[in-house]
Amino acid sequence: MNSIVDIFTIPPTFISYYLKINWLGLRFLRALRLLELPQILQILQVIKTSNSVKFSKVMAIVLSSWFTAAGFIHLVENSGDPWLKGRNSQNISYFESIYLVMATTSTAGFGDVVAKTFLGQTFIMFFILGSLILSANYVPEMVELLANTRNYTRSYGVVKGKKYIVVCGNITVDSVTAFLRNFLHHKSGEINTDIVFLGESPPSLELEKIFKCNLAYTSFICGSALKWEDLRRVAVESAEACLIIANPLCSDSHAEDTSNILRVRCIKNYYPKTRVIIQILQSHNKVYLPKIPSWNWSTGDNIICFAELKLGFIAQGCLVPGLCTFLTSLFIEQDKKIIPKQPWEKHFLNGLKNKVLTQHLSDDFAGMSFPEVSRLCFVKMNLMLIAIEHKSVFHGGCCGLILNPPVQVRLRKNTLGFFIAESPKEVKRASFYCLSCHSDVNTPELIAKCGCRNRSRQHLTGTGKMVMENNLKDISSTSAMQRPVSKGHSNIISWSSLATRTFLCDVDQDSEQLDSSGMFHWCKATPLSKMILKHTDESKHEFRNHIVACVFGDTHSALMGLQNFVMPLRASNYTRRELKDIVFIGSLDYMQREWRFLQNFPQIYVMPGSALYIEDLHVANIEYCSMCAILSPPSKPSHSQTLVDTETIMATLNIRSLRIGSCAHTTSERVATDLNENYGKTKYRRIPILTELKNPSNIHFIEQLGGLEGSLKETNLHLSTSFSTGTVFSGNFLDSLLATAFYNYHILELLQMLVTGGICSQLEQHLDKDKLSELPESCTTFFSGRSRCKLGLLSLDQTILSDIKPRETFGQLFCGTLDNLGILCVGLYRLIEEEERNPENKRFVITRPANEFKLLPTDLVFCAIPFSTACYKKDSSSSSAPYEITNIMPVTSETNMEISCTPTVDLD
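Residues numbered from 1 in each chain as written. Predicted model: local features only at pLDDT ≥ 70, side-chain atom pairs only at ≥ 80, totals over all residues. Heavy atoms only, no water.

Considerations on the confidence of the model for the protein
Alright, step 1. With 78% of its residues at a pLDDT of 70 or more, the protein shows a mean pLDDT of 78.
Alright, step 2. Counting contacts from residues 765-784, a segment whose pLDDT is below 50, to residues more than four positions away or on other chains yields 42 contacts.
Alright, step 3. With pLDDT under 50 throughout, residues 876-908 is counted as low confidence; its partners more than four residues away or in other chains account for 104 contacts. (pLDDT = per-residue confidence, 0-100. Contact = heavy atoms within 4.5 Å.)

A closer look at the pairing of strand E2 (residues 193-199)
Alright, step 1. Within E2, seven of the seven residues are buried, leaving the element largely enclosed by the surrounding structure.
Alright, step 2. The side-chain alternation of E2 yields two buried faces, one formed by Thr193, Ile195, Phe197 and Gly199 and the other by Asp194, Val196 and Leu198.
Alright, step 3. Sheet analysis places strand E1 (residues 163-169) next to E2, joined by six bridges and oriented parallel. Paired with valine 167 across the strands is phenylalanine 197, a residue of E2.
Alright, step 4. Relative to strand E3 (residues 218-222), E2 runs parallel, the two sharing five bridges. Bridge assignment links leucine 198 to a residue of E3, and that residue is isoleucine 221.
Alright, step 5. Following the backbone out of E2, through helix H7 (residues 205-213) and into the adjacent parallel E3, one traces a crossover that is right-handed. (Buried < 20%, exposed > 50% of the residue type's maximum accessible area, 1.4 Å probe, protein only. Helix = DSSP H or I, 4+ residues; strand = E, 2+ residues; numbered from the N terminus. Pairing = 2+ DSSP bridges. Right-handed = clockwise from strand over helix to strand, strands pointing away.)

Side note on the nonpolar core
Alright, step 1. The biggest cluster of nonpolar side chains holds 143 residues, and the ones touching the most others in it are Phe179, Phe197, Ile386, Phe565 and Phe584.
Alright, step 2. Looking at this core element by element, the count peaks at eight residues for helix H10 (residues 306-319).
Alright, step 3. In this view, phenylalanine 179 contacts Ile165, Val167, Ile195, Phe197, Leu243, Ile245 and Leu738; residues no more than four positions away in its chain are not counted.
Alright, step 4. Residues Tyr164, Val166, Ile221 and Cys266 belong to the second largest nonpolar core, which totals 28 residues. (Core = buried A, V, L, I, M, F, W, Y, C linked by side-chain atoms within 4.5 Å.)

Digging into the packing of H10 against helix H27 (residues 745-755)
Alright, step 1. At a minimum axis separation of 8 Å, H10 and H27 run at an interaxial angle of 50 degrees. Taken together, the axes of H10 and H27 are oblique relative to one another. Of the two elements, H10 crosses H27, and the hand of that crossing is left-handed. Where H10 abuts H27, its residues Glu308, Leu309, Gly312, Phe313 and Gln316 lie against Leu751, Gln752, Leu754 and Val755.
Alright, step 2. Considering only residue class, the contact of H10 with H27 consists of five nonpolar, three polar and one charged. (Axes fitted to C-alpha atoms, helices over the stretch in contact; angles between N-to-C directions. Parallel < 35°, antiparallel > 145°, perpendicular 65-115°, else oblique. Left-handed = near helix turned anticlockwise from the far one by under 90°. Nonpolar A, V, L, I, M, F, W, Y, C, P; charged D, E, K, R; others polar.)

Points about the pairing of strand E21 (residues 843-847)
Alright, step 1. The buried fraction of E21 is high, at five of five residues.
Alright, step 2. The alternating pattern of E21 places Arg843, Val845 and Thr847 on one face and Phe844 and Ile846 on the opposite face, and all of these are buried.
Alright, step 3. In this structure, strand E20 (residues 824-831) lies alongside E21, joined through five bridges in antiparallel fashion. Residue pairing in the sheet places tyrosine 829 in a bridge with valine 845 of E21.

Here's the deal with the packing of helix H3 (residues 50-79) against helix H4 (residues 94-105)
Alright, step 1. Close contact between H3 and H4 brings their axes to 8 Å; oriented N to C, the two are set at 120 degrees. Between H3 and H4, the angle is such that the two are oblique. Considering how the two elements wind past one another, H3 and H4 form a crossing that is right-handed. The residues of H4 that touch H3, namely those facing Trp66, Phe67, Ala69, Ala70, Gly71, Ile73 and His74, are Tyr94, Ser97, Ile98, Leu100, Val101, Met102 and Thr105.
Alright, step 2. Split into classes, the residues belonging to the contact of H3 with H4 amount to 10 nonpolar, four polar and no charged.

Some points on the sheet that holds strand E9 (residues 401-403)
Alright, step 1. Strands sit in the order E7-E10-E8-E9 across an open sheet of four strands; the sheet is antiparallel. This sheet does not close on itself; its edge strands, each paired only once, are strand E7 (355-360) and E9. On average, adjacent strands in this sheet sit at an angle of 30 degrees to one another, irrespective of strand direction.
Alright, step 2. Here E7 runs beside strand E10 (residues 416-421); their pairing, made up of six bridges, is antiparallel.

What follows is the structure, given as structure tokens:
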């Protein structure tokens with residue numbers, strides 16, 4: 001363009017000098033030089049932002065077009081048409097030419113200045129068409145740039161009394177959609193909190209549409225949390241909290257974490273009292289956040305670690321089949337409605353309605369034990385109380401959440417309870433309950449806030465017991481619910497003495513070692529070379545009832561943090577003999593990088609190879625494993641999100657193709673008989689698999705392998721058959737925990753405790769993973785955490801649950817186990833009663849069945865089992881197996897030998 005301008009403007013200048021004649025000629029083309037103006041302004045650093053650059057370019061195009069067109073009109077109108085020798089020319093100034101061009105562009109045409117020459121009129125005809133195109137393209141863009149510059153660079157107007165939060169980090173269409181869906185769902189119809197999104201670049205058209213659809217409570221401001229002036233514009237100091245969203249699908253998770261940690265650092269430097277909730281991808285990056293001087297757990301600062309929670313869920317699914325689905329269903333929000341076609345689908349979908357909710361309990365419960373309160377809530381209010389916050393259990397006060405506390409723990413005033421229920425309205429009953437006004441009320445809906453103010457608490461315990469005894473008839477006869485049970489099953493042992501006795505017994509007999517927190521099993525650092533399995537030593541690897549984990553990674557892959565998978569499997573509330581061997585199948589180069597985090601955990605082995613090769617799987621004795629977990633590889637740059645799960649899908653296909661003889665595990669005729677009864681007419685079993693998917697939409701690849709096609713055919717992972725049977729997991733729902741942590745961080749604490757083996761955020765700062773534990777002076781203080789409950793899966797007929805009579809309904813089973821055994825039943829794992837379409841006897845999860853829900857003899861029960869409870873049958877003369885499936889291994893060595901050979905029923 002510049003060359004053309006030079007050709008038509010420079011030579012005429014010399015010619016006019018030579019001919020002594022001054023002619024305007026094509027000098028108007030110099031206006032096209034304005035196209036270089038944006039670049040010049042950038043070089044001079046007059047304009048810096050992207051919006052200003054775009055605006056300058058549009059203005060340069062418009063102005064150069066106007067000035068060039070005006071120059072042509074000025075030339076032809078003053079010169080006239082050549083063939084008429086200028087007889088129709090008119091004297092018109094350049095300013096009037098610009099006026100004519102602008103009037104033509106606006107299509108106004110006042111008529112005071114018009115073109116009289118034929119060339120000028122012809123040019124105006126074509127210019128009108130060009131101006132229409134020019135206006136249609138550039139005028140709306142200019143208006144939008146001006147509006148966006150004004151809207152997205154302004155400061156947020158703080159209104160006194162109006163609450164708001166600031167959300168920054170990964171502000172994309174997917175992240176914003178997921179956050180709004182979960183944030184608004186918590187307070188449906190009652191949103192009184194504004195959401196200010198602080199994005200580092202202007203929103204796309206699709207993202208802008210989302211903000212406009214939620215204009216009532218969302219606003220977007222362009223800026224960075226790393227700049228104080230932008231934090232000042234969003235008034236972080238007045239915000240309720242600052243939430244930082246991470247990108248779980250990024251190619252460099254470490255860079256993503258470090259950038260978010262720097263955002264926290266900048267926010268805390270700007271205003272130290274700001275409450276920050278951050279998503280972290282890699283667990284080893286969590287240690288930097290508590291080191292920030294103004295970081296404060298007690299004021300609500302919190303960390304949501306994707307790797308820790310995701311691998312913790314999968315580990316729990318390996319310990320207890322179906323538990324991964326059970327726990328996930330308590331924290332997902334499902335708005336889509338689906339009409340079930342089969343009875344089992346209806347039971348599963350009804351279970352998805354239940355969530356974990358919190359509520360402060362009525363002061364009338366003060367002085368009562370947890371089993372008494374839990375039973376009263378279940379019978380009188382149709383509520384399932386599973387845990388409480390009790391600060392006095394741990395002497396250090398580092399963790400106050402207790403799952404299914406024993407009878408020795410007495411409730412205090414204003415105790416926070418954790419419920420499994422469908423709505424917050426239901427759990428309100430637990431705070432309204434009054435012994436004086438509601439003792440005779442048998443309808444849960446009638447329990448509401450009363451005006452009773454003279455409540456006597458001197459005889460609360462005795463009154464509470466009497467109320468419960470009077471309500472036993474609501475579920476079963478009183479004679480069937482007496483507390484005495486067979487000898488050896490009682491768990492009424494003092495909390496502290498149990499911890500001391502457990503430690504001394506374990507140290508003397510098993511030489512158990514725990515880490516410095518007492519929460520996990522520990523051992524001296526073991527070199528990786530000693531734990532590598534080799535093909536040549538296949539005869540020496542006699543693994544039974546072990547866990548196989550398939551890992552995909554190489555030398556350059558980001559670490560996924562396998563210690564988060566191992567820690568729940570090495571929790572101290574399991575004895576050393578209950579621990580299952582863990583065999584990792586993956587690249588040796590990758591495992592060498594992970595090994596420094598795993599070398600202090602016992603019974604961990606590495607098989608160099610790949611889950612895509614059958615030979616490597618056989619070396620790990622995969623046919624004898626209790627569960628095979630297929631972990632997603634670290635994120636890699638990919639143009640298609642469908643391809644992020646390629647390795648896991650292919651490994652699932654490879655392992656599912658293995659058909660093992662149904663008697664592969666058997667060592668006696670009795671066990672073989674039980675196995676054949678479980679499998680009906682089938683003579684083979686498939687290896688139980690738990691597959692992790694990064695992209696939930698890839699569930700249809702797994703559904704094709706599930707063997708139940710035509711049941712819950714859904715692209716939504718949480719409505720799929722594979723999810724209902726506990727064979728697939730995806731961590732995409734963890735995005736919803738950001739809103740959960742803002743509204744109620746106690747629920748996040750409970751989730752972390754359940755999936756990580758009992759650890760909570762307050763305890764993390766006291767952990768020292770590089771030190772071996774030593775026997776302290778006070779065993780009670782040190783080992784009190786070891787006596788915590790553990791989640792298990794018990795059979796109705798082959799465990800101590802068979803002693804509970806009657807147990808026709810879930811309500812009868814709940815009350816009977818809680819009264820007699822101290823075991824808390826929370827859900828069922830039921831066979832899909834479709835023999836033709838379910839030849840492998842798959843089971844599905846039922847979360848918190850109704851009180852009147854009818855039980856089947858083949859049902860397995862999800863339970864919170866006290867540490868001291870032995871769940872196996874000691875009667876060796878029984879023809880049945882000690883239990884069908886459970887993660888509770890026997891304490892005695894004789895029974896341990898028997899259980900180690902028990903076949904694992906296929907539950908996938």
